[in-house]
Amino acid sequence: LPAGHADQPISQADAPPVTTFQSQGRSARAWKPKHVYFTAAAWEEEHGRRIAERLDGLDVSYEVMKANRLPKLGGSTTRETYRKAKNTLAIVNAPPSQFRLTPIPPSADWQFHLAKGCPAHCQYCYLAGSLPGAPVTRAYANLDQILENNAAYIDPNKDLTTFEASCYTDPLGIEHLTGSLARTISWFGDQPAARLRWVTKYDDVTPLLDLPHNGQTRCRISLNADWVTRRLEGGTADLDARLGAMRRLAEAGYRIGAVLAPLMPFENWQEDYADLLDRLRSTLDFPVDLTFELITHRFTPGSKEILLDWYPNTSLDFDEERRSKKLNKFGSHKFVYPREQMQELKGYFTDRIARDFPEAEVLYFT
Ligand code: SF4
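Since this is a predicted model, take the numbers as computed values, not measurements.

J.: Could you clarify how one ought to interpret the overall build of the chain in this entry?
T.: Broken down by element type, the chain carries 11 helices and 17 strands. For 366 residues, the compact-globule estimate of 2.2 N^0.38 gives 21 Å, and the C-alpha radius of gyration of the chain, at 20 Å, lies within 12% of that figure. Seen through its C-alpha atoms, the chain measures out along the principal axes to roughly 60 × 50 × 45 Å. Within the span of the chain, comprising 366 residues, buried residues form 38% of the whole.

Structure follows, in structure tokens:
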């Protein structure tokens, strides 16, 4: 986060008294996985046992493995593998490689992981092609070590070091099963030189509202035009429910963010996105510490192949002819919108945000 903005103090007094604001939206259904496995090592962890207690309370059954291998999770067809994996939660320990954090520009200084995988069904899912194998959700039981390890990455020469927790999961989508996000927010609440960032398309924020976050967490909600959320984001909360969640987080004194992603120039996109920004403005009708992140849709040849296997009837536009090829430093490539379309999108969103959200900062457009 750019210095200055990130350093602005935030206090509960900045937010109005908690209102009786009622979201009119459709909440995401709490995920109840059909198959849950604990590896032997995860079962030994204190946080693993906390997860087991939650599962008991939610009447979700689970199996504890004798070793650290999970049973074979594939099906006989891609579709069957997908269905089974999306119904499976594995509680495992994060491997040693995950204790060597990597930078994640432009979002944050470092990324760390509470889980990998997600129960939602977005037809453009960012995880397709970046996580190998069946899309099982793996939640980490060695959370205490993961958080302790973060402390070593807080740069003593900087006012703030930022940490992103949602590169490979939607942490709120599994929070009712793990409680990991709440523990993480409380941990960052004790780190005056560190800032947590996470993002979600879910809306059950109630367990987060009374945490001692101390302004050290920025909660971001992923938002899109109704046209996109209705067609392409299965299993998530609808737009009104997400906006309601955002408001409640802001009322609880959190810094908040709108991640507008993936932006798509579908037919009449300006009208639909204007409606989204109008609804966001009327939701946040009090002073808030707000940022925007603007991310256009892109895909790689690998992610396209996987997503078309998972969602063969998708209405998502995967036509390479209508895209520009962008090479990365590792020699592979992705397909992004052509330059002119990118400039049109960028101009539209930055102008609208500057006009309607003068208090907010656009962190990046990509
Ligand atoms: Fe993928 Fe994110 Fe949608 Fe989950 S919420 S399915 S991680 S795009």
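J.: Looking at this model, I keep getting lost on the confidence of the model for the chain. Mind explaining?
T.: For any part of a model where pLDDT is low, the fine detail of the predicted coordinates should not be relied upon. Here the chain shows a mean pLDDT of 93. Residues at 70 or above account for 94%. Ignoring residues within four places in sequence, the model shows residues 1-20, a span with pLDDT below 50, making 25 contacts including any to other chains. Predicted complex, confidence summary: ipTM 0.99, pTM 0.92.

J.: Could you clarify how one ought to interpret the pairing of strand β8 (residues 137-140) in this entry?
T.: Along any regular strand, the residues point their side chains to alternate faces of the sheet. Both faces of β8 are covered, namely the face carrying Thr-137 and Ala-139 and the face carrying Arg-138 and Tyr-140. Both strand β3 (residues 88-92) and β8 contribute to a ladder of four bridges, which runs parallel. Looking at β8, one finds that Val-92 is bridged to Tyr-140. As judged from the two bridges shared by strand β6 (residues 115-116) and β8, these two strands associate in the antiparallel manner. By the bridge assignment for β8, Lys-116 is matched with Arg-138.

J.: Is there a simple way to explain the nonpolar core in this structure?
T.: One broad rule of soluble globular proteins: the nonpolar side chains tend to lie buried together. Within the largest apolar cluster, 80 residues are counted, with the highest numbers of intra-cluster contacts made by Ile-91 and Tyr-140. Among the elements that take part in this core, helix α8 (residues 239-251) stands out by supplying seven residues, more than any other. For Ile-91, the contacting residues outside a window of four places in its chain are Phe-38, Ala-42, Gly-48, Ile-51, Ala-139 and Ala-141.

J.: So what exactly am I meant to see when it comes to unusual backbone geometry here?
T.: Negative phi characterises most residues that are not glycine, and trans characterises most peptide bonds. A cis amide bond links Pro-105 with the next residue in sequence, Pro-106, at an omega value of 0°. The topology assignment puts Pro-106 in the loop between β4 (102-104) and β5 (108-111). One non-glycine residue, Asp-59, lies in positive phi territory at about 60°. Here Asp-59 is to be found in the loop between α2 (46-57) and β2 (63-64).

J.: Help me understand the pairing of strand β15 (residues 324-327), please; the structure alone is not making it clear to me.
T.: One ladder, built from four bridges, connects β15 with strand β16 (residues 333-336); its direction is antiparallel. Note on β16: the bridge partner recorded for Ser-324 is Val-336. The turn joining β15 and β16, which pair antiparallel and follow one another in sequence, is formed by five residues; a positive phi near 90° is taken by Gly-331.

J.: Sorry, what's going on with the site of the ligand here?
T.: As a structural note, the neighbourhood of the ligand is formed by Cys-118, Ala-120, Cys-122, Cys-125, Tyr-126, Leu-127, Asp-170 and Lys-201. Residues belonging to the shell around the ligand are distributed by class as follows: six nonpolar, no polar and two charged.

J.: Looking at this structure, I do not really get the sheet that holds β2. What am I missing?
T.: The pairing of strands in a sheet comes from backbone hydrogen bonds and takes either a parallel or an antiparallel form. Strand order in the open sheet made by the five strands is β2-β1-β3-β8-β6, with mixed pairing throughout. Here the strands that pair on one side only, and so sit at the sheet edges, are β2 and β6. Taken together, the two bridges between strand β1 (residues 35-38) and β2 define a ladder with parallel strand orientation. Along β2, the bridge assignment pairs Phe-38 with Val-64.

J.: So what exactly am I meant to see when it comes to the sheet that holds strand β17 (residues 361-365) here?
T.: Across the sheet, which stays open at both edges, the eight strands sit in the order β4-β5-β9-β10-β11-β13-β14-β17 with mixed pairing between neighbours. Each of the sheet's edge strands pairs with one partner strand only, and the pair in question is β4 and β17. Each neighbouring strand pair of the sheet contributes to a mean axis angle of 30°, computed without reference to strand direction. Bridging between β4 and β5 involves two bridges; their strand directions are antiparallel. By the bridge assignment for β5, Ile-104 is matched with Ala-108. Contacting β10 (194-200) and β11 (217-223), helix α6 (residues 180-189) runs over the sheet at an angle of about 155° to β10.

The rules behind each value
- Residues numbered from 1 in each chain as written.
- Predicted model: local features only at pLDDT ≥ 70, side-chain atom pairs only at ≥ 80, totals over all residues.
- Helix = DSSP H or I, 4+ residues; strand = E, 2+ residues; numbered from the N terminus.
- Rg over C-alpha atoms; globule rule 2.2 N^0.38 Å.
- Buried ≥ 20, exposed ≤ 12 C-beta atoms within 10 Å, placed from the backbone.
- pLDDT = per-residue confidence, 0-100.
- Contact = placed C-beta atoms within 7 Å.
- Pairing = 2+ DSSP bridges.
- Core = buried A, V, L, I, M, F, W, Y, C linked by C-beta atoms within 7 Å.
- Near = placed C-beta within 6 Å.
- Nonpolar A, V, L, I, M, F, W, Y, C, P; charged D, E, K, R; others polar.
- Axes fitted to C-alpha atoms, helices over the stretch in contact; angles between N-to-C directions.

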